[in-house]
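# Chain and residue survey
For reference, the chains in residue letters:
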Amino acid sequence: MSKELQGASGQCLCGAVRFEINGTISSFHICYCSRCRHSTGSAHASNLFTNPENISWISGQDLIQRFELESAKSWAKQFCKICGSGVPYINRAGTRLVVPAGSLNENLQMAPDDRIFCEDRCTWVDNIPESPEFSTLPDKF
């Protein structure tokens, strides 16, 4: 599996913020910490880490809002002001670009390197493999 992204496009949900990633991904983490769970509203965050110069903003950079949790040493997030979707951001140390994996348009051809803060994982995550699968929203909804 290549850890190179060349011309990988990404965007927020409404499409106002668009970007492209070119370069080596240094790591790909699935994070179960409570901060990532609360900020995504999901079981975990899925983040790629690369060099800050590996992003080209196509549109909407002026529509990005940044939030830094003051009580945390390094936690931050950026999102589209219109739809609230997470978009890439440079970490607080200024050393890494953090790319929410789900913000990319392409299906990644790489597996996560690891899962971190596993002790904070929601217990229901362990039951996901036994859950029924559907290709679309089931009729019962």
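Residues numbered from 1 in each chain as written. Predicted model: local features only at pLDDT ≥ 70, side-chain atom pairs only at ≥ 80, totals over all residues. Heavy atoms only, no water.

Scanning the protein chain from N- to C-terminus turns up 1 helix and 11 strands. When the helices and strands of the protein chain are read in sequence order from the N terminus, they spell out β-β-β-α-β-β-β-β-β-β-β-β. For the protein chain, whose C-alpha radius of gyration is 16 Å, the value lies close to the compact-globule estimate of 14 Å for 141 residues. Looking at the 141 residues of the protein chain, the share that counts as buried comes to 37%. In the protein chain, the proportion of contacts linking residues at least 24 apart, taken out of those at least 6 apart, comes to 58%. If you sum the accessible surface of the protein chain, you get close to 8700 Å²; carbon and sulfur atoms cover 50% of it. Taking the average place of the 13 positive charges on the side chains of the protein chain and the average place of its 15 negative ones, the gap between the two points comes to 6 Å. (Helix = DSSP H or I, 4+ residues; strand = E, 2+ residues; numbered from the N terminus. Rg over C-alpha atoms; globule rule 2.2 N^0.38 Å. Buried < 20%, exposed > 50% of the residue type's maximum accessible area, 1.4 Å probe, protein only. Contact = heavy atoms within 4.5 Å. Areas by Shrake-Rupley, 256 points an atom, 1.4 Å probe, with all protein chains shown as cover. Lys, Arg positive; Asp, Glu negative; His and termini not counted. Charge placed at Lys NZ, Arg CZ, Asp CG, Glu CD.)

All right, on to the sheet that holds strand β4 (residues 45–50) then. With mixed pairing, the 5 strands of this open sheet are ordered in space as β9-β10-β4-β3-β11. Every interior strand has two partners, whereas the edge strands, β9 (89–90) and β11 (114–116), have only one. For β4 and strand β10 (residues 97–100), the ladder comprises 4 bridges, and the chain directions are antiparallel. Counted as the bridge partner of T50 is L97 from β10. (Pairing = 2+ DSSP bridges.)

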